[in-house]
Amino acid sequence: MNTNEQLNKLSVNALDIAFRMAQISLESAEKFAKLSLELSKQSLEDNVNLVRELGDVKEPQQAVSSLNQLAARNLEQAVANSRNVYDIVSQTQAELGKLAEENFSELNKNVITNLETLTKNAPAGSETLVNSLKSGLAASTAALQTLTKAGQQVAEFADSSVKAATSATADAVKSAAKRAS
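The notes below deal with the structure included here. (Residues numbered from 1 in each chain as written. Predicted model: local features only at pLDDT ≥ 70, side-chain atom pairs only at ≥ 80, totals over all residues. Heavy atoms only, no water.)

Looking at where Thr92 falls in the secondary structure, it is placed in helix H2 (residues 60-121). Polar side-chain contacts of Thr92 include one of 3.1 Å to the side chain of Ser28. Beyond its immediate stretch of four places on either side in the chain, Thr92 contacts Ile24 and Ser28. (Helix = DSSP H or I, 4+ residues; strand = E, 2+ residues; numbered from the N terminus. Polar contact = N/O pair within 3.5 Å; in protein donor to acceptor, adjacent residues only side chain to side chain. Contact = heavy atoms within 4.5 Å.)

Written out as structure tokens, the structure is:
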């Protein structure tokens with residue numbers, strides 16, 4: 001009966017994990033869809049405004065200036081949009097990583113509990129095997145923690161690099177737009 005209860009608990013936990021992963025994925029897809037619709041709306045408005053501006057143009061230089069301003073705005077918008085996409089992907093990755101880490105921790109606890117039960121019920125002379133299993137589990141847990149920390153450091157570095165690149169690109173676009181005007 002104990003084994004059936006444990007299997008039932010594992011099945012329910014797996015279902016909960018799958019449900020949470022689906023929620024995270026759907027939330028991410030919803031954010032992408034919302035961003036896409038906002039971009040489409042903004043693009044339509046920009047194009048309508050450009051046609052109006054070009055309709056009022058009296059001199060070729062004025063048309064060139066309007067097109068340069070539009071190009072600068074479009075580039076600024078592209079930088080902002082890429083940052084928004086990066087933020088959505090980053091947030092989704094962080095949530096999925098946290099979920100995986102939490103579940104690995106829970107799995108680790110269950111394995112330790114089962115090893116302790118095994119130790120109590122193990123025949124005499126099997127202590128070496130049980131101890132080697134515990135050592136292997138401890139080593140794999142330490143390795144996972146090291147990999148997790150390294151992954152977090154890489155993510156932080158990438159995040160700061162993307163922010164710096166975005167800022168530099170936005171500054172360059174603003175400078176180019178001022179020179180073009």
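Moving on, we get to a nonpolar patch on the surface. A cluster of nonpolar side chains, namely Phe32, Val85 and Val89, defines an oily patch on the protein surface of about 210 Å² accessible area. Along the chain, Val89 falls in helix H2. Residue Val89 is classed as partly exposed on the basis of its relative accessible area of 44%. (Patch = residues over 30% accessible without salt bridge, like charges linked within 9 Å, V, L, I, M, F, W, Y side chains within 5 Å. Areas by Shrake-Rupley, 256 points an atom, 1.4 Å probe, with all protein chains shown as cover. Salt bridge = Lys/Arg side-chain N within 4 Å of Asp/Glu carboxyl O. Buried < 20%, exposed > 50% of the residue type's maximum accessible area, 1.4 Å probe, protein only.)

Moving on to the pattern of salt bridges. Tallied over the entire structure, the rule returns two salt bridges. A salt bridge links Arg20 to Glu95; the nearest nitrogen and oxygen atoms lie 3.5 Å apart. Taken together, the residues span a long stretch of sequence, with Arg20 in helix H1 (residues 2-55) and Glu95 in helix H2 at a distance of 75 residues. What makes Glu95 partly exposed here is its relative accessible area of 24%. Between Arg83 and Asp87 there is a salt bridge, with its nearest N and O atoms 3.3 Å apart. With Arg83 and Asp87 both in helix H2, this residue pair falls four residues apart, about one helical turn. Classification of Asp87 by relative accessible area gives partly exposed; the value is 33%.

Size it by volume and the largest pocket reaches roughly 460 Å³. Along the wall of the largest pocket there are 19 residues; nearest its centre are Gln93, Ala94, Gly151, Gln152 and Ala155. Listed by contribution, the elements that provide at least two residues to the lining of the largest pocket are H2 and helix H3 (127-180). Broken down by element, the residue count for the lining of the largest pocket peaks at 12 residues, all from H2. Considering only residue class, the lining of the largest pocket consists of seven nonpolar, six polar and six charged. (1 Å grid on protein atoms, 1.4 Å probe; cavity = no way out; pocket = protein on both sides within 12 Å on 5 of 7 lines; lining within 4 Å. Points joined across faces, edges and corners; volume = space filled by probe spheres on them. Nonpolar A, V, L, I, M, F, W, Y, C, P; charged D, E, K, R; others polar.)

Moving on, we get to the environment of Leu96. Mapped onto the secondary structure, Leu96 falls in helix H2. In sequence terms Leu96 and Arg20 are 76 residues apart; their C-alpha atoms lie 8.9 Å from each other. For Leu96, the contacting residues outside a window of four places in its chain are Met21 and Ile24.

Moving on, we come to the side chain of Arg83. On the basis of relative accessible area, Arg83 is assigned to the buried category, the value being 14%. Aside from chain neighbours lying at most four places away, what touches Arg83 is Asp159, Val162, Lys163 and Thr166.

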